[in-house]
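Observations on chain architecture
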Amino acid sequence: MNSSQPYPERIQFERRLRRLERDVLRMGALVEQSFRLSHQSLFDRNLTAAQTIPVLDKQIDQLYRQIELDCATLMTLQAPVAKDMRLLSAYMQLVRDLERIGDYAKDLAEIAIKLFPYPPSPYLPEIAVMSHQAQAMLAMSLVALADLDEVAGRQLKQEDDTVDTAYETLYQHLAGQRDIKGVVEPILLLGLIIRYLERMADHATNIGQRVAYIVTGHRG
């Protein structure tokens, strides 16, 4: 065999790696869809969207478990080189971030159902902007991952600062409510919504950082 040609084992490994990459991006697309549906549930009062999310969440969780298993298998059976190990390690971490964003989307849908009987809050438009910002961050992180774009991955930290500022502002508004008549549940639920959106943005930022690690081998 010509020494410049890759070994059959290497060809097989790279084929499985490409399939793994496709699965990670497919999981990302499902999480994006779940996030969009949670937004519709909350801000369009779309009950059907809220009821669709648990089905998607099961698919996300199933894909998450499969990807983790595939990563572990490739790590242990194929004797990957250092760069492969870095990629597989980053995949295992970033699919956890994706899975958590999916979980939060499901939580937001459950909150939307609880809010449904109440009149819309005057703070919903501001919270909707925050949701759009977090969704844009998830989309950016997935594009950075697909392109292995280190610069785009690191840029997410700046976007996260915007979401953090929105969270602090909205939290102060909600915490400063006076003379609440009737039940306080809607205020408490709005507090949970902004907290979940802030965490979703954090996980998108983590994905960006992991993309940078894949490319450079440096963390932080």
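Criteria and thresholds
- Residues numbered from 1 in each chain as written.
- Predicted model: local features only at pLDDT ≥ 70, side-chain atom pairs only at ≥ 80, totals over all residues.
- Heavy atoms only, no water.
- Helix = DSSP H or I, 4+ residues; strand = E, 2+ residues; numbered from the N terminus.
- Buried < 20%, exposed > 50% of the residue type's maximum accessible area, 1.4 Å probe, protein only.
- Contact = heavy atoms within 4.5 Å.
- Areas by Shrake-Rupley, 256 points an atom, 1.4 Å probe, with all protein chains shown as cover.
- Lys, Arg positive; Asp, Glu negative; His and termini not counted.
- Charge placed at Lys NZ, Arg CZ, Asp CG, Glu CD.
- Expected span 1.5 Å × (residues − 1).
- Axes fitted to C-alpha atoms, helices over the stretch in contact; angles between N-to-C directions.
- Parallel < 35°, antiparallel > 145°, perpendicular 65-115°, else oblique.
- Left-handed = near helix turned anticlockwise from the far one by under 90°.
- Nonpolar A, V, L, I, M, F, W, Y, C, P; charged D, E, K, R; others polar.
- Phe/Tyr/Trp six-rings, centres within 6.5 Å; stacked < 30°, edge-to-face > 60°.
- Lys NZ or Arg CZ within 6 Å of the ring centre and 35° of its normal.
- Polar contact = N/O pair within 3.5 Å; in protein donor to acceptor, adjacent residues only side chain to side chain.
- Patch = residues over 30% accessible without salt bridge, like charges linked within 9 Å, V, L, I, M, F, W, Y side chains within 5 Å.
- Salt bridge = Lys/Arg side-chain N within 4 Å of Asp/Glu carboxyl O.

This paragraph deals with the overall build of the protein. The helix and strand inventory of the protein stands at six helices and zero strands. Mapped in sequence order, the helices and strands of the protein form the string α-α-α-α-α-α. A burial count over the protein gives 44% of its 220 residues as buried. In the protein, the share of contacts with a sequence separation of at least 24, taken over all contacts with a separation of at least 6, comes to 84%. Carbon and sulfur atoms provide 54% of the accessible area of the protein, an area that totals close to 11500 Å². Counting 25 positive and 29 negative side-chain charges, the protein places the averaged centre of each group 4 Å from the other.

What follows deals with helix α6 (residues 185–216). Compared with the 46 Å implied by 1.5 Å per residue over 32 residues, the 47 Å span of α6 between its first and last C-alpha is a close match. Looking one or two places after α6, you find Gly217, whose phi comes out positive at around 80°.

This brings us to the packing of helix α1 (residues 8–43) against helix α2 (residues 47–77). When two helices pack together, their arrangement is given by the angle between the helix axes and the distance between those axes. At a minimum axis distance of 9 Å, the contact between α1 and α2 shows a crossing angle of 160°. With respect to α2, the element α1 is oriented roughly antiparallel. The interaxial crossing formed by α1 with α2 has left-handed handedness. Here the contact of α1 with α2 is composed, by residue class, of 18 nonpolar, eight polar and four charged.

The next point concerns the packing of aromatic side chains. Enumeration over the complete set of coordinates arrives at two aromatic pairs. A centroid spacing of 6.0 Å and a plane angle of 35° characterise the contact between Tyr167 and Tyr171, whose relative ring orientation is tilted. In this pair, Tyr167 and Tyr171 are both assigned in helix α5 (residues 150–175), four residues apart and thus about one turn of the helix distant. For Arg45, the ring lying beneath its charged end belongs to Phe116, and the centroid distance is 5.2 Å.

Turning next to the side chain of Asp103. Relative to the elements of secondary structure, Asp103 occurs in helix α3 (residues 82–115). One polar contact links Asp103 to Arg100, side chain to side chain, over a distance of 2.9 Å. Leaving out residues up to four positions away in the same chain, Asp103 has contacts with Asp57 and Asp61.

There is a patch of nonpolar side chains on the surface, built from Leu47, Ile113 and Phe116 and spanning about 220 Å² of accessible area. On the basis of relative accessibility, which here comes to 38%, the residue Ile113 falls in the partly exposed class.

A negative phi angle characterises most non-glycine residues, just as the trans form characterises most peptide bonds. Its identity is not glycine, yet Arg45 carries a phi of approximately 50°, on the positive side. By the secondary structure assignment, Arg45 is in the loop between α1 and α2. Judged by relative accessible area, which is 33%, Arg45 ranks as partly exposed. Of note, Leu148 is a non-glycine position whose phi angle comes to about 45°, a positive value.

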